Amino acid sequence: MFIDIDCARQKKYNQHAYGDYFTSRRYPDTGRLIAVLSDGLGSGIKANILACLTATMLLRFIAGGSNIQKACETILNALPVCKVRKISYATFSAIDCRDDGAAQIVEEGNPQFIWLRDQQVLTPEHAVITSRTFANRRMHIYQLQLARDDRLIFCSDGVTQTGMGSPQLKLGLRRAGLIEMVLAKLRGSPQISSRELAGYIVAQAQKLDAGQKAQDDISAVSLHFREPRKALVFTGPPYDHSTDNFYARIFQNFNGKKAVCGGTTANLLSRELNLQIISALGQDAGRLPGISYMDGAQLVTEGILTLTKTAEYLENNELVQEDAAAKLARFLLDSDCINFMVGARLNQAHYDPALPVEIEIRRTVIKKISRLLTEKYFKKATIQYI
Amino acid sequence: MSKLAVKICLGTTCFVMGGSELQELPEKLPASYKKLVSISGCPCLGQCGAAATRAPYVLIGDELLSEASIEKILKKITEKLNHAQ
């Protein structure tokens, strides 16, 4: 299973910094994801620093091997108290989730999270721990076992208190209002991504606030435990000619999205699977070769030049272009688990000294793309040399 | 009469050896040829390993053109169309 998590935020109006802070990290080796949402006291720069410190420290504590409960308890006992308001400097929600669905959640001060399954709200058991140093601080600890398609929604109080004082929402949106809003959205778009759902919650919350201006920092985190979107990228012909058909069949039978990068590879598939290829000419001469079309593949591009450019786009976060490399970058980012099937047969023509030096070795480029996808975009990427 | 098929190789080698410029061929084609010629790309013509000739390659009808340029292609198209008449 794949844990799709994302956060959307809005600053309190007239402020230049977010008073809430969200951080998350994936550990692909252990299938673990840790995320923390923290709401700093007040708003603006001061709140930003408090929330950032709390969230970052907590994430490091948990990742460093501390049990989530111990890590949160340490923070709970250590967080200073505001002299004026006599309350904690920052509240937090910490999530430690594994891809087998086991999840631990600890909350202190933030609105209670929402656990959704089949349009129903589940009520998990929880334990309460009171701080040894501050009697008014209590953290709630939950142990969950997530099932496929479960969703969790976390938010700062900017969401649940939005619209407070207005004739329609005297007490604000509250948790019940948020649940209603999310369930209605999910009825219309059951497969909505976490990024879109979090964005939707924040946009709606802001609309409800007086004058449609955020009266507090508004943050929403959406977590979706779902089937991974699998993708296969076939690039380069196999080293051994006699295995062409074998790998073409693997490509054909792969259950997920498929891309082909390389003219020889596309021809191989066309020949072995008896599929027609239609090639378009590129829009701008001198940049990248255009894409081709073949039944059974979502994307067919040229090889090395396109892959090299894709790595560059992924590195610089440039995803809006319309060339083949940007299309490939978007294809990769729309997937969760990506397998690169990389052929080891060399194209002797690429070693002609007359060719520009930009032609890199396929394996080097694929390794770079794979690293970027894993480290920068939290994807699961694997490379298989054939 | 079926159209004369022109296939421009868009493989890596051809592309970097000048094939990228050949993508402008549809704009450079004289208006009178447009009904007689169909231009398309091709993932790879598989010719880049050949020792005797050089990229970029273009297939015009059944004839392979090496070290292709817009001028060379237009000349070959004219030749082919005249021959067909």
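Student: I tried to follow the side chain of S166(A) on my own but got confused; where do I start?
Tutor: All names here are of chain A. Relative to the assigned elements, S166 resides in the loop between α3 (157-160) and α4 (174-188). Owing to a relative accessible area of 17%, S166 belongs among the buried residues under this scheme. Within the structure, the side chain of S166 is placed 3.2 Å from the backbone nitrogen of L169, a separation counted as a polar contact.

Student: Honestly, the pattern of salt bridges in this entry has me stumped. Any pointers?
Tutor: Pairing of side chains with opposite charge becomes possible as their charged atoms draw close. For the structure on display, the rule yields 20 salt bridges over all chains. The shortest N-O distance in the salt bridge between R271(A) and E272(A) comes to 3.1 Å. When its relative accessible area of 53% is taken as the criterion, R271(A) is described as exposed. Linking E312(A) and K309(A) is a salt bridge whose minimum nitrogen-to-oxygen distance equals 3.3 Å. Of this pair, E312(A) and K309(A) both sit in helix α8 (residues 304-316), 3 residues apart, which is roughly one turn of that helix. Look at E312(A) and you get partly exposed, because its relative accessible area is 33%. Its relative accessible area of 26% is what places K309(A) among the partly exposed residues. Among the charged side chains, a salt-bridge network with shared partners connects D62(B), E63(B), K76(B), E79(B) and K80(B).

Student: Would you mind going over the sheet that holds strand β10 (residues 150-155) of chain A with me for this structure?
Tutor: Two pairing modes exist for strands in a sheet, parallel and antiparallel, and in both the strands are linked by backbone hydrogen bonds. Residues and elements named next belong to chain A. The sheet built from 5 strands is open, its strands ordered β1-β11-β10-β6-β7 with antiparallel pairing. Looking along the sheet, the strands with just one partner apiece sit at the ends: β1 (2-10) and β7 (120-122). Across the sheet, the mean angle from the axis of one strand to that of its neighbour is 25°, orientation sign disregarded. Relative to the sheet, α4 contacts β6 (114-117), β7 and β10, its axis offset from that of β6 by approximately 30°.

Student: Looking at this structure, how should I read the packing of α8(A) against helix α9 (residues 324-333) of chain A?
Tutor: Any two packed helices are characterised by how steeply their axes cross, that is the angle between the axes, and by the distance between the axes. All names here are of chain A. α9 packs onto α8 with a crossing angle of 60° between their chain directions and a minimal axis gap of 8 Å. Compared by their axis directions, α8 and α9 come out oblique. Here α8 runs over α9; the crossing is right-handed. Listed contacts from α9 to T306, L307, K309, T310, Y313 and L314 of α8 are A324, A325, A326, L328, A329, L332 and L333. The residue inventory of the contact of α8 with α9, partitioned by class, reads 10 nonpolar, 2 polar and 1 charged.

Reading guide: rules and limits
Residues numbered from 1 in each chain as written. Chains lettered and ligands numbered in written order. Predicted model: local features only at pLDDT ≥ 70, side-chain atom pairs only at ≥ 80, totals over all residues. Heavy atoms only, no water. Helix = DSSP H or I, 4+ residues; strand = E, 2+ residues; numbered from the N terminus. Buried < 20%, exposed > 50% of the residue type's maximum accessible area, 1.4 Å probe, protein only. Polar contact = N/O pair within 3.5 Å; in protein donor to acceptor, adjacent residues only side chain to side chain. Salt bridge = Lys/Arg side-chain N within 4 Å of Asp/Glu carboxyl O. Pairing = 2+ DSSP bridges. Axes fitted to C-alpha atoms, helices over the stretch in contact; angles between N-to-C directions. Contact = heavy atoms within 4.5 Å. Parallel < 35°, antiparallel > 145°, perpendicular 65-115°, else oblique. Left-handed = near helix turned anticlockwise from the far one by under 90°. Nonpolar A, V, L, I, M, F, W, Y, C, P; charged D, E, K, R; others polar.

Honestly, it's all geometry; don't read function into it.
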